Amino acid sequence: MKVKLLSALNDNNVDVAQTSSQRQLAMTISAIAGEFDQNLPLNLCLILDRSGSMHGQPIKTVIQAVEGLIDRLKIGDRISVVAFSGSAEVIIPNQAIEDPESIKSQIKSKLSASGGTAIAEGLELGITELMKGTRGAVSQAFLLTDGHGESSLRIWKWDIGRDDNKRCLKLAQKAAKLNLTINTFGFGNSWNQDLLEKIADVGGGTLAHIEHPEQAVEQFSRLFGRIQSIGLTNAYLLLSLVPNVRLAELKPIAQVAPDTIELPVEREADGSFAVRLGDLMQDVERVVLANIYLGQLPEGKQAIGHLQIRYDDPLVNQEGLLSPLVPVYADVVRAYQPDSNPQVQQSILALAKYRQTQLAEAKLLQGDRTGAATMLQTAAKTALQIGDKGAATVLQSSATRLQAGEELSEADLKKTRIASKTVLQE
C-alpha cells in the first residue's frame, strides 16, 4: 500500500436524541515514504515574467534562483522555460537534463526585461511545453510575475480584446484536468493576489510571496524541495456518505494543510463525492476538512461514510489505482458526553483563520475599515490558538494600522493573504 489515509471527527460522540448534528471530518492523506525506493522524475516548467518592471536586480535574482533549481535537477528530469512580457516565448524547449551549464547560459542570455505582462500567453505556452514530458513524471510549473494580467477594454457593456486574467483561470482549470500542477510566485508587492491565489488553488499548487529579490532563491528552493518528495500524482479523495448523512451545502470541503484552499467537490455517478488533491508528497501530509450533517441515527457504533483515494503511480506507469476503503464511524450514544479531538480542532481553527481574513478583506473592499480591523484581530487570536505566532503578528499589525486610520499598503495586503493561508513559523 502506497497511500496513508486517516480520518477523525471533531467529536466522535453523537446524541441519539438529536435529529441533526454537525461534525467536522478531518482526513489526512500522504504517500508512504517507505514504499518508494527512488524519486520520481521531474518535468518542470518555469514561466517567468520578464516585463520592464523586472529590469535590474529582480531579473538577476530570478536567474540566480533558476540556476539553483537546474543544479538540483537529476539525469532523467526534464526542464522547459517560458518567458513573457507583452508576448511570450519558449526560451528552453522541453528537454531532458543533459548539459545543465548550456541551459543556464541560454537562460542568462535570453531573459532580459522589457515590455508588458501577458501572463496568460506565458501560461499557455508553459502548459504546452509541460505536456511534452508528462509520461512517468511529476509535472509542475513555477509561474512568477510581479504584475497584473492585461485586462480587456470595456466600452459600455462590451469587452474589447482578451481579458488576460480570465484566460489564466481557464488555463489553470485545463492544467488541473491534464494532471499538471501550477505553483505561483508573486514578486514584489504589485502583483494580483486574487489571480495568483486562484491559479495556484485551481492547479493544486502553492502561492508564494517573494517580497524582496534576495528571497527568490529561498522560495524557489523551498517549493522545489516539496515537489522532489512527491510519490503519487493525480490523487482524488473519494467520499461516500450513508443515507441520513450529508455534506454542508456552502463550502463543504477545504484543505487546511500544508496550505489552506477551498476545494471544489464533484458529484460522481454513484452519488459519492470526488475532490481533486493533485500530487501526494511523501513527507508532507495533506489535511482535508469536510463539514457534514448527521440526521438521527440508531444507537451504537455507526458507519457514517467511507473514504478512498484514487491516484496514479507514475513509477510503475499505472493510472486510476484505488487505496483500500476506509470506513468512518461515529458513536451514537444515549448519555451524550463530548469526545472532542484536539488535532481536528486545530484544523478547524486553521480554516477559521483563513475565512476570518477573507471576511476582513471583503469588509475592507466595502469601505468598512472598523469591521475589517475587528475581523483581522479575530483572525490574529485564532492564529495564536494554533501556535502560529508569525501569522498572528502579521494579522494584528494590519488590524492596528486600520484602527489608527492608516491605509494598508500593497505589501501589507500580500502579507495578510499569505498569513491566512499557511503557518508562517514553519
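Above this text is the structure in question.
This structure is a prediction, so every number in the text was calculated from the model and none was measured.

What counts as what
- Chains are numbered independently. Their residues run from 1 in the order of the written sequence.
- Note on the predicted model: pLDDT of at least 70 is required for a residue's local features to be given, and 80 or more for side-chain atom pairs to be given and counted; whole-chain, interface and lining totals, by contrast, use all residues.
- Heavy atoms throughout the structure, all of them, feed into the side-chain values; hydrogens and water do not.
- In this description, a line fitted to the C-alpha atoms serves as the axis of each element, helices being fitted only across the stretch in contact, and the angle between N-to-C directions of two axes falls anywhere from 0 to 180 degrees.
- Note on conventions: DSSP H or I runs of at least 4 residues are helices, E runs of at least 2 residues are strands, and numbering of each starts at the N terminus.
- Roughly parallel covers angles under 35 degrees, roughly antiparallel covers those over 145, roughly perpendicular covers 65 to 115, and oblique covers all other angles.
- Take the far helix as the reference: if the near one is turned anticlockwise from it by less than a right angle, the crossing is left-handed, and if turned clockwise, right-handed.
- The contact rule is simple, with two residues in contact once any of their heavy atoms fall within 4.5 Å.
- All amino acids are sorted into three groups, where Ala, Val, Leu, Ile, Met, Phe, Trp, Tyr, Cys and Pro are nonpolar, Asp, Glu, Lys and Arg are charged, and the leftover types, Gly among them, are polar.
- Strand pairing is assigned whenever DSSP detects at least two bridges linking the two strands.
- Note on definitions: salt bridges are taken to be side-chain nitrogens of Lys or Arg within 4 Å of carboxyl oxygens of Asp or Glu.

**Q** For this particular structure, what's the right way to read the packing of helix 9 (residues 389–403) against helix 10 (residues 410–421)?
**A** Think of two packed helices as two axes; the pair is described by the angle between the axes and how far apart they sit. Remark: helix 9 packs on helix 10, axes separated minimally by 9 Å, with the N-to-C direction vectors making an angle of 140°. As far as their axial angle goes, helix 10 and helix 9 are oblique. For the pair helix 9 and helix 10, the crossing hand works out as left-handed. Residues Ala 391, Val 394, Leu 395, Ser 398 and Arg 401 of helix 9 lie in contact with helix 10, whose contacting residues are Asp 412, Lys 415, Thr 416 and Ala 419. Per-class residue counts for the contact of helix 9 with helix 10 are 4 nonpolar, 2 polar and 3 charged.

**Q** Whenever I open this one, the sheet that holds strand 7 (residues 138–145) confuses me. Can you help?
**A** Sheet strands pair via backbone hydrogen bonds, and the direction of the pair is either parallel or antiparallel. One open sheet holds the 6 strands; their spatial order is 6-5-4-7-10-11, and the pairing between them is mixed. Either end of the sheet is taken by a strand with one partner, and the two such strands are strand 6 (88–96) and strand 11 (207–210). If you compare each strand with its neighbour and ignore which way they point, the axes differ by 15° on average. As defined by bridge partners, strand 5 (residues 78–84) adjoins strand 6 across 6 bridges and the pair is classed as antiparallel. Counted as the bridge partner of Ile 79 is Gln 95 from strand 6.

**Q** How do you make sense of the pattern of salt bridges when you look at a structure like this?
**A** Side chains carrying opposite charge are able to pair once their charged atoms draw close together. Inspection of the entire model under this criterion finds 23 salt bridges. Arg 50 serves as the salt-bridge partner of Glu 89, at 2.6 Å between the closest nitrogen and oxygen. With a gap of 39 residues between them, Glu 89 in strand 6 and Arg 50 in the loop between strand 4 (42–49) and helix 1 (57–72) connect regions that are remote in the sequence. Counted as one network, the salt bridges with shared partners bring together Asp 194, Glu 197, Asp 201, Glu 361, Arg 417 and Lys 421.

These figures come from the coordinates and say nothing about function on their own.
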